[in-house]
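Chain by chain, the residues run as shown.
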Amino acid sequence: MLDPLSFAPQASPAPFAGAGEVSAFSAAMAWGVATVMFTMTFRKGKASDAVLIKNLGGAVALSLAAFALGPGNGGGPAELTSIIWLILSGMIGLGLGDWLYFLALGHIGVGRTLILGQTLPVLTALLAWLTHDEWLTNAQWFGVIAIIAGGWIAESRREQRGKADTAGIAAALAAVLAFAVGNTMMAEGVRETEPITGASWRLVGGTLGILIVRACAGELGLAMRTALSPQPWRLFLLPSVIGTWLGMSLLTGGFKWAKQGVASALAATTPLISIPLAVVFLKERPGWRGWLGAMLVVAGAAALALAADSATVS
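Model, not experiment: these values are computed from the prediction.

Novice: How should the overall build of the protein chain be read in this particular structure?
Specialist: Per the secondary structure count, the protein chain includes 12 helices and zero strands. When the helices and strands of the protein chain are placed in sequence order, the string is α-α-α-α-α-α-α-α-α-α-α-α. Here the protein chain, with 314 residues, has 51% of them falling under the buried criterion. For the protein chain, the accessible area works out to roughly 14,200 Å², and carbon and sulfur atoms hold 71% of it.

Novice: Teacher, can you tell me more about a nonpolar patch on the surface here?
Specialist: Together, Leu 126, Trp 129, Leu 130 and Trp 135 make up a nonpolar patch on the protein surface, roughly 430 Å² of accessible area in all. Take Leu 130: it is sitting in helix α4 (residues 120–132). Under the relative-accessibility criterion, Leu 130 is labelled exposed at 64%.

Novice: I'm lost on the pattern of salt bridges in this one. Help?
Specialist: Any two side chains of opposite charge can pair, so long as their charged atoms come close to each other. Going through the model one piece at a time under the given rule, you end up with four salt bridges. Taken together, the salt bridges that share partners define one network made up of Asp 49, Arg 214 and Glu 219.

Novice: For this particular structure, what's the right way to read the side chain of Ser 249?
Specialist: Looking at where Ser 249 falls in the secondary structure, it is placed in helix α9 (residues 230–257). Overall, Ser 249 belongs to the buried group, its relative accessible area being 13%. Residues contacting Ser 249, with those up to four places away along its chain left out, are Leu 62, Pro 195, Ile 196, Ala 199 and Thr 244.

Novice: Just to check I follow, could you spell out the environment of Tyr 101 for this structure?
Specialist: The residue Tyr 101 is located in helix α3 (residues 80–117) in this model. For the pair Tyr 101 and Val 176, spaced 75 residues apart in the sequence, the C-alpha separation amounts to 8.1 Å.

Novice: Please explain the confidence of the model for the protein chain as it appears in this structure.
Specialist: Low pLDDT means the predicted atomic positions in that stretch should not be read closely. Looking at the protein chain, pLDDT values average 80 and 87% of them are 70 or higher. Across the protein chain, element-level confidence peaks in helix α8 (residues 220–228) with a mean pLDDT of 94 and bottoms out in helix α12 (residues 287–307) with 74. Segment residues 1–10 is flagged for pLDDT under 50; beyond a separation of four residues in sequence, or across chains, it makes seven contacts in the model.

Novice: Looking at this model, I keep getting lost on the packing of aromatic side chains. Mind explaining?
Specialist: What the rule picks out here adds up to three aromatic pairs. Where Trp 31 meets Phe 38, the ring centres are 5.8 Å apart and the plane angle is 50 degrees; that geometry is what we call tilted. Residue Trp 31 is classed as partly exposed on the basis of its relative accessible area, which comes to 34%. Ring plane angle 55 degrees and centroid distance 6.4 Å describe the contact between Tyr 101 and Phe 179, whose orientation is recorded as tilted. With Tyr 101 in helix α3 and Phe 179 in helix α6 (residues 166–189), the pair connects residues that are 78 residues apart, well separated along the chain. Here Phe 179 falls in the buried class, since its relative accessible area comes to 18%. Each residue in the set Trp 31, Phe 38 and Phe 236 is aromatic and connected to the rest through ring pairs, giving one cluster.

Thresholds, definitions, all that
- Residues numbered from 1 in each chain as written.
- Predicted model: local features only at pLDDT ≥ 70, side-chain atom pairs only at ≥ 80, totals over all residues.
- Heavy atoms only, no water.
- Helix = DSSP H or I, 4+ residues; strand = E, 2+ residues; numbered from the N terminus.
- Buried < 20%, exposed > 50% of the residue type's maximum accessible area, 1.4 Å probe, protein only.
- Areas by Shrake-Rupley, 256 points an atom, 1.4 Å probe, with all protein chains shown as cover.
- Patch = residues over 30% accessible without salt bridge, like charges linked within 9 Å, V, L, I, M, F, W, Y side chains within 5 Å.
- Salt bridge = Lys/Arg side-chain N within 4 Å of Asp/Glu carboxyl O.
- Contact = heavy atoms within 4.5 Å.
- pLDDT = per-residue confidence, 0-100.
- Phe/Tyr/Trp six-rings, centres within 6.5 Å; stacked < 30°, edge-to-face > 60°.

So, in structure tokens, the structure goes:
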């Protein structure tokens, strides 16, 4: 007689010690590469179109991958409760959060937006403490602080010296809050869900979120035409595959198998790869602040990795 529970979604355990930390760090590397690629494509396309393409394409591609891989291999079905958490996470983090992030970029520029964004790991860790009773060890807190300090130093070279734009600062801080809330919801949604399945449902939520945002702006028809046009797909497909489709799968694994604060901190190590790539492909000159920041990020990532074996994952 078949066990009726055998058809219920089963989440796989961590494949090896530190798998969550490796996944989160790899997600940062993937997004670091994609960040430079997206920056180059923005010379020809709109950022809002990129958000729609990366979320919609990722939702379709990862849904097919999850179906093909099946349970125990990163895919398979998900329970209704997990799906709700993941869709809400995507709507808030990838829909509302992305929109607020781009709004901040338009008001206060890249440098100050990224500086404010370095508060995300700490806010995520605090929310994880309040909602899931997760607390970081002293070594992990050192890693978080080093990564935040490194990112702040690396990006502070771009800070504009003009009068602060209150709306832009508010949008940047609201984006950080949206990302942190989205991360906390994602951690809840992937407890009993495989990483690729979880990433696909979160991207479904991200697609719904950006469509709602654009509908509120009176651009729903334009967004639908963009989704059906081949030109944006040609422009944004490759960075979406690397940064969103692969990166989101890795990030989901990070939040599934590691503490939320640790995963969020490791996911913030993007400057480690984006700075060298920007030097080569965008001809940027990071200066001593950029290289010092990158070194601090490396130190923070190493501290988190070394602490992974002794950390207790809730």
